[in-house]
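Here's the letter readout for the chains.
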Amino acid sequence: QVQLVESEGGLVQPGGSLRLSCAASGTIFHINTMGWYRQAPGKQRELVADITTRGSTNYPDSVKGRFTISRDNARNTVNLQMNSLKPEDTAIYYCNADAIARLGDPYRSYWGRGTQVTVSS
């Protein structure tokens, strides 16, 4: 199976920056798209950013221009650089990967346990 482990989030002042990292480990044959999602209290989980193996990225308008996703295919890691943070960015952030654990398996969506990011003065 594929395990995803996120770095710790934290408390950041509005306008500040924070970088999240996620490493995939375990039995991995291939990882396709990797991404970050977030869930604020009382809201549905939403996409923050994702990136394909070729480096194509996708962002919702709410974070476009402020967040940057990157990945290292050789190390099976994905990072999220968050700048100009706003209180509305406060949420639990989850790492996600569409991966095949063993040759012949179908792609499955794997999730990290999540890390809290709080933007507040």
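Each remark here, short or long, concerns the structure printed above.
Residues numbered from 1 in each chain as written. Predicted model: local features only at pLDDT ≥ 70, side-chain atom pairs only at ≥ 80, totals over all residues. Heavy atoms only, no water.

A. Fine view of the nonpolar core. By size, the foremost hydrophobic cluster in this structure holds 31 residues, and its most contacted members are W36, L80, M82 and Y93. Sorting the residues of this core by element identifies β1 (2-6), β3 (18-26), β4 (30-39), β5 (46-51), β7 (67-72), β8 (77-82), β9 (91-100) and β11 (115-119) as the ones contributing at least two each. No other element matches the 5 residues that β9 contributes to this core. Not counting chain neighbours up to four residues away, the residues in contact with M82 comprise G16, S17, L18, L20, R66, F67, Y93 and V117. (Core = buried A, V, L, I, M, F, W, Y, C linked by side-chain atoms within 4.5 Å. Buried < 20%, exposed > 50% of the residue type's maximum accessible area, 1.4 Å probe, protein only. Helix = DSSP H or I, 4+ residues; strand = E, 2+ residues; numbered from the N terminus. Contact = heavy atoms within 4.5 Å.)

B. Representation of the pairing of β7. The alternating pattern of β7 places F67, I69 and R71 on a buried face and T68, S70 and D72 on a face that is not buried. Bridge count between β7 and β8: 6 bridges; the pairing is antiparallel. Bridge pairing links F67 to M82 in β8. Between β7 and β8, which pair antiparallel and follow one another directly, the connecting turn spans 4 residues, one of which, N76, has a positive phi of 55°. (Pairing = 2+ DSSP bridges.)

C. Structural view of the environment of R66. Structurally, R66 is set in the loop between β6 (57-58) and β7. It is 39 Å that separates the C-alpha atoms of R66 and G104, two residues lying 38 residues apart in sequence. Within the local environment of R66, its side chain forms a polar contact with the side chain of D89, the two groups lying 2.7 Å apart. (Polar contact = N/O pair within 3.5 Å; in protein donor to acceptor, adjacent residues only side chain to side chain.)

D. Molecular detail of the sheet that holds β8. With antiparallel pairing, the 4 strands of this open sheet are ordered in space as β1-β3-β8-β7. Looking at the sheet topology across the chains shown, the edges are occupied by β1 and β7. Neighbour-to-neighbour, the strand axes of the sheet open up by a mean angle of 15°, direction not taken into account. Bridge count for β1 against β3 is 5 bridges, and the pairing is antiparallel. (Axes fitted to C-alpha atoms, helices over the stretch in contact; angles between N-to-C directions.)

E. Focus on the side chain of T115. Looking at the element boundaries, T115 is found in strand β11. Of note is the side chain of T115, whose polar atom sits 3.2 Å from the backbone oxygen of S7. Ignoring sequence-local partners within four residues, the contact set of T115 consists of E6, S7, E8, G9, L20, A91, I92 and Y93.

F. Structural view of the pattern of salt bridges. Taken as a whole and assessed by the stated rule, the structure comprises 5 salt bridges. Here R75 makes a salt bridge to D72, at a shortest N to O gap of 3.8 Å. Residue classification places R75 among the exposed positions, given a relative accessible area of 64%. Connected through salt bridges with shared partners, the residues R38, E46, R66 and D89 form a single ionic network. (Salt bridge = Lys/Arg side-chain N within 4 Å of Asp/Glu carboxyl O.)

G. Seen up close, the environment of T27. Tracing the backbone shows T27 in the loop between β3 and β4. Under the relative-accessibility criterion, T27 is labelled partly exposed at 31%. Discounting chain neighbours no more than four positions away, the residues touching T27 are Q1, V2, A101 and R102.

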